Amino acid sequence: MDRVFNFAAGPAVMPEEALRRAAAEMLNYKGTGMSVMEMSHRSAAYQEIFDHTVARLRQLMDIPADYEVLLLQGGATGQFAAVAMNLLSGFASYVDSGHFAHSAWMEAMKYGDARCIASTREEGYRRVPANDEITVDPSADYLYITTNNTIYGTRIPEIPDTGAVPLVADMSSNILSQPYDVRRFGVVFAGAQKNIGPAGLTVVIVRKDLLGRARKETPNVLNWTVMADKGSMLNTPPTYAIYMAGLCLDWLADQGGVAAIYQRNLQKSALLYDYLDQSRLFHGIADKGCRSLMNVTFRTEDDALDVAFVQEAAANGLCSLKGHRVAGGMRASIYNAMPLEGVQTLVRFMESFEKQHR
Ligand SMILES: *Cc1c(COP(=O)(O)O)cnc(C)c1O
């Protein structure tokens, strides 16, 4: 069977090379006589796999030594609670730039004084709050942002300067898609299933001086300090997802790393946005100043035509283009592993659909 171009928002497309390597190693991983899935997480062979994934991530993101890299479970959503439980004692500032940012703020409010300091909710999240709308309170425990808003197709064009206030970032949908200076952040976290690897793994990168602040009742599996002390293996980690993530990161390194993939991401997203900007049938939804490189949202003026487009595209091997149910329209998620050819094919299909329906 031929593989399709998969534009799903997550779980999402993964590099074919990584999938092939996993297939080749499925029954007998490097002479161990077993699948990685069957290995004890305490075995030397598995520890090597784990260490490799962490080392690759450190290399690709240039993560300094004074940051811990934790490989956890519970998704980005688990971290919405973990952020507050590990850092919130006085008050925290939240930037509400989309669905997940809003959920993170709501979750944090369960545990303390989480304040929304800027929001574009009233504008349907077509843009993110500009940096001059964000007032940093120097006594906040942290300031929380979402670098890329997966559902609305926006990203923060320029990371705000928060001075000494730790910046906490949900990078789930654009981690590794463009160079970010980790030193600007106190905490970065991401669910793996968009731009890292398969679902089930959650990456947390935390500056070491922010450890040791967790409230007493924090569950151990969400406690960054406990997990850092235990090398992320207080309990069984998501072993296979960590292995797969390592293969995907190997692929990214082979592509030339983050700087190289960023250039390709600029090219891929420009192809779609340039087409949308001149189309007389489709138009982009997000404001031009904060368009996402990873999730391109668009629509026609006609809901029924949107439905027909998604169906016809799928019949032509262009899958999962339906927008999120809260946003409507269409969304093409074009993560690192989406080849340029996938975007070119999509644009050609949109051109022919436009000819037919205008
Ligand atoms: C997908 C997503 C989430 C939710 O991730 P889970 O791993 O499903 O909990 C949170 N934030 C952002 C930005 C996302 O894209």
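See the structure shown above.
In this text, all values refer to a predicted model and were calculated from it rather than measured experimentally. (Residues numbered from 1 in each chain as written. Predicted model: local features only at pLDDT ≥ 70, side-chain atom pairs only at ≥ 80, totals over all residues. Heavy atoms only, no water.)

Caption draft 1: Highlighting the packing of helix α3 (residues 75-87) against helix α4 (residues 99-109). As a packed pair, α3 and α4 sit with axes 8 Å apart at the nearest point and diverge in direction by 45°. With respect to α4, the axis of α3 lies oblique. Once α3 is placed against α4, the crossing between them reads as right-handed. Across the interface between the two elements, Phe80, Ala81 and Ala84 from α3 touch Phe100, Ser103, Ala104, Glu107 and Ala108 from α4. When its residues are assigned to classes, the contact of α3 with α4 shows 6 nonpolar, 1 polar and 1 charged. (Axes fitted to C-alpha atoms, helices over the stretch in contact; angles between N-to-C directions. Helix = DSSP H or I, 4+ residues; strand = E, 2+ residues; numbered from the N terminus. Parallel < 35°, antiparallel > 145°, perpendicular 65-115°, else oblique. Left-handed = near helix turned anticlockwise from the far one by under 90°. Contact = heavy atoms within 4.5 Å. Nonpolar A, V, L, I, M, F, W, Y, C, P; charged D, E, K, R; others polar.)

Caption draft 2: Structural detail: the pattern of salt bridges. This structure, assessed with the given rule, holds 15 salt bridges. When the shortest N-O distance is used, the salt bridge between Arg127 and Glu123 registers 2.6 Å. You can call Arg127 buried: its relative accessible area is 19%. A residue is classified by how much of its surface remains accessible, and Glu123, at 29% relative accessible area, is partly exposed. Among the ionic pairs, Glu217 bridges to Arg215, the shortest N-O distance being 3.7 Å. On the basis of relative accessible area, Arg215 is assigned to the partly exposed category, the value being 21%. One connected set of salt bridges, linked through shared partners, spans Arg21, Glu25, Arg56 and Asp250. (Salt bridge = Lys/Arg side-chain N within 4 Å of Asp/Glu carboxyl O. Buried < 20%, exposed > 50% of the residue type's maximum accessible area, 1.4 Å probe, protein only.)

Caption draft 3: Representation of the sheet that holds strand β9 (residues 187-191) in the model. Taken together, the 7 strands give an open sheet; going across it, the order is β2-β10-β9-β8-β5-β3-β4, and neighbouring strands pair in mixed fashion. Looking along the sheet, the strands with just one partner apiece sit at the ends: β2 (67-72) and β4 (113-119). The mean inter-strand angle of the sheet, taken between neighbouring strand axes irrespective of direction, is 20°. In this sheet, β4 lies alongside strand β3 (residues 91-96) in parallel orientation, the contact comprising 6 bridges. Paired with Val95 across the two strands is Ala118, which belongs to β4. Across the sheet, helix α2 (residues 44-61) touches β2 and β10 (202-207), and the angle it forms with β2 is around 130°. Sitting on the sheet, α3 is in contact with β2, β3, β5 (143-146), β8 (167-170), β9 and β10, with an inclination near 155° to β9. (Pairing = 2+ DSSP bridges.)

Caption draft 4: Examining the pairing of β9 more closely. For β9, a buried count of 5 out of 5 residues is recorded, marking the element as mostly surrounded by other parts of the structure. Residues Val187, Phe189 and Gly191 of β9 are buried on one face, and the alternating residues Val188 and Ala190, pointing to the opposite face, are buried as well. By the bridge criterion, 3 bridges tie β8 to β9 in an arrangement that is parallel. Looking at β9, one finds that Val168 is bridged to Val187. Pairing of β9 with β10 involves 5 bridges; the strand directions are antiparallel.

Caption draft 5: A look at unusual backbone geometry. Here the amide bond leading from Gly10 into Pro11 is cis, since omega sits at -5°, within 30 degrees of zero. Residue placement: Pro11 occurs in the loop between β1 (5-6) and α1 (16-24). At Asp62, a residue that is not glycine, the phi angle is positive and equals roughly 50°. Here Asp62 is to be found in the loop between α2 and β2. Even without glycine at this site, Leu176 takes up a positive phi of about 70°. Secondary-structure assignment places Leu176 in the loop between β8 and β9.

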